[in-house]
Amino acid sequence: MTVKPLSLDRISGVLILSAIVLALVAANSPLKELYKVIHHAPIRIGLAPYQIDEPLIVWINQGLMTIFFVLVGVEIKHELVDGHLSTLRRAALPAIAAFGGMVVPALIYVAFTAPEGEAMRGWAIPMATDIALALALLSLLGRRIPVGLKIFLMALAIFDDLGAVAIIAVFYGGEIQFLPMILAFVTFGVMIGLNRLGQAHPLALAVLGAMLWVALFEAGVEAALAGVLIAAVIPNGIKDDRGNSPLLTTHRMLHPWASLLIVPLFGFFNAGVTIEIETLRNVSSGVSMGVFFGLFLGKQIGVLGATWCAVKLGICLLPPGIRFRHIYGAGLLAGVGFTMGLFVTALAFDTPTFAASARLVILVGSSLSAFVGLAVLWFAQGEPEMQRSRHQSGGT
C-alpha cells in the first residue's frame, strides 16, 4: 500500500482533469443553467423530523468526500505505523519539507490579502498537495524518476494532507452546537473502545461512522473529517488468512471508488467557474494573486528551502539517488493542489466572487506547477537508468 498502482493513478489523473475541463465547459456554455440546477438540486435524506435537507453540492463535499477522507486517513495511519513514516529518521525529511511547503504558501497568501478582510479566510487554500494527481504526473516520467523520489513526494503529500485535515477541523467549522458535539465524542469513544477490545467489526464501524458523520454535521464541524476519525480506529494489527489487515483491506476496497469516481465527481461540481468579465477583472485581486503565487512559488520555495536547511544543518539526509534538483521538481509538483484547494475554497468563502477567483486560479496555478515540475524532473534525471546501464555495458 505504500506506493499505489501507477496505472490506477494515471487513470485517476486523467479522469480528474477531464472532470475539471467538462465542468469549465458546462459552466461557460448553453449548459450553464442546467449545471447550476443539478449543482443545487435539493436532496433530503432521513425520516421526519430527523432528516437532512441539503443541495447536491453539500452531499458531495461533505458526504461523498467522507469516503475520500477515510482513504486519506488509512494511508496516513499505515505509513505512520508500518510504512515509510514509521520511524523518526524516515519521517523527518518529508515532514520538514511538508511544513515548509505549507507555511510559505500561507504567508504569501496572507501578504497579498491582509488588507481585504474576508479574503484572509482563504489562507489555507494553497497549502495542500493533491496526492493522486501529483503521483499520477510523476508516474508519466516512468523510469527516469528514482523510486526514492516517489516515496518522498508521497510522504510529503501525506503530511500535507494531515496538516490540511487539522486546519480544516480547527479553522473552517461553523458555530459549534454543544449536544451534537457531545454525541460525536461519545460515538468516537465507543469506536476506540471496540478497536481496543478487538471487536471493531466492519459493520459496527460503518454504523457508528454514519452516526459520527451526522453528529459532526449537526454540530457545525466539517462532517467529511469523520472519514479520518473512522480510519483511525480501523484495526491494523489483526491479520486474516492471507496476511491482510482490515486497514489494508479497506484501502484496497476504497481506493478505486475514491480515485475513479468520488474525486472526479467532486472536481466536476467544484471546478465549474463561470468565466465572466468580473471574474477576469479579479485575476489581479489579493485572493487570485495569493492563491497563484502561493501554489506556484510558495510550494517550491517552501519544500526546497526547508529540505536544504534540514540537510545542511545535519538534521536529515537526502534519500539515495536523490539530489536537490529532484527535490525542486517535487516541490513544483507539490503545487498541484486541485482537490484540497477546491475543498478549502468551498469552506472558506461565502462571497461568490472570491470563490470563483480562487477556483479559477487554483486550476491555473496547479496546471503551471505540473507543467514546470515535469519539465524540471525530465531534465534533472538525464538518461533513464536502464538506458544508461546499457550504454555503460556497450549494449544497443
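1. As for the nonpolar core
Side chains of nonpolar character tend, in soluble globular proteins, to be buried together. Ranked by internal contacts, the top residues of the largest apolar core, which has 89 residues, are Phe-69, Val-291 and Phe-349. The greatest single-element share of this core, amounting to 13 residues, is contributed by helix H6 (residues 147–171). Setting aside its immediate chain neighbours within four residues, Phe-69 contacts Val-165, Ala-224, Leu-225, Gly-227, Val-228, Met-340 and Phe-343. Counting 29 residues, the second largest nonpolar core, distinct from the first, contains Leu-71, Leu-216, Ile-234 and Leu-247.

2. Notes on helix H7 (residues 178–197)
Here H7 is 20 residues long and its end C-alpha atoms lie 29 Å apart, about the 28 Å a rise of 1.5 Å per residue gives. Among all positions in H7, only Met-181, Ala-184, Thr-187, Phe-188, Met-191 and Leu-194 are buried. One face of H7 carries all of its buried residues, which in axial projection span an arc of 145 degrees. Exposed residues on H7 whose side chains face more than 90 degrees from its buried face are Phe-178, Leu-179, Phe-185, Arg-196 and Leu-197. Here the buried face of H7 lies against helix H8 (202–219) and helix H9 (226–232). Looking one or two residues beyond H7, the residue adopting positive phi is Gly-198, at roughly 75 degrees.

3. Comments concerning the pattern of salt bridges
All told, the structure shown has 2 salt bridges when counted by the stated rule. Put simply, Asp-53 and Arg-44 hold a salt bridge, and the shortest N to O gap is 3.1 Å. Asp-53 sits in the partly exposed class, given a relative accessible area of 40%. Residue Arg-44 is classed as exposed on the basis of its relative accessible area, which comes to 56%.

Conventions adopted
- Residues numbered from 1 in each chain as written.
- Predicted model: local features only at pLDDT ≥ 70, side-chain atom pairs only at ≥ 80, totals over all residues.
- Heavy atoms only, no water.
- Core = buried A, V, L, I, M, F, W, Y, C linked by side-chain atoms within 4.5 Å.
- Buried < 20%, exposed > 50% of the residue type's maximum accessible area, 1.4 Å probe, protein only.
- Helix = DSSP H or I, 4+ residues; strand = E, 2+ residues; numbered from the N terminus.
- Contact = heavy atoms within 4.5 Å.
- Expected span 1.5 Å × (residues − 1).
- Arc of directions from axis to C-beta.
- Salt bridge = Lys/Arg side-chain N within 4 Å of Asp/Glu carboxyl O.

These results come straight from atomic positions and should not be treated as a statement about function.
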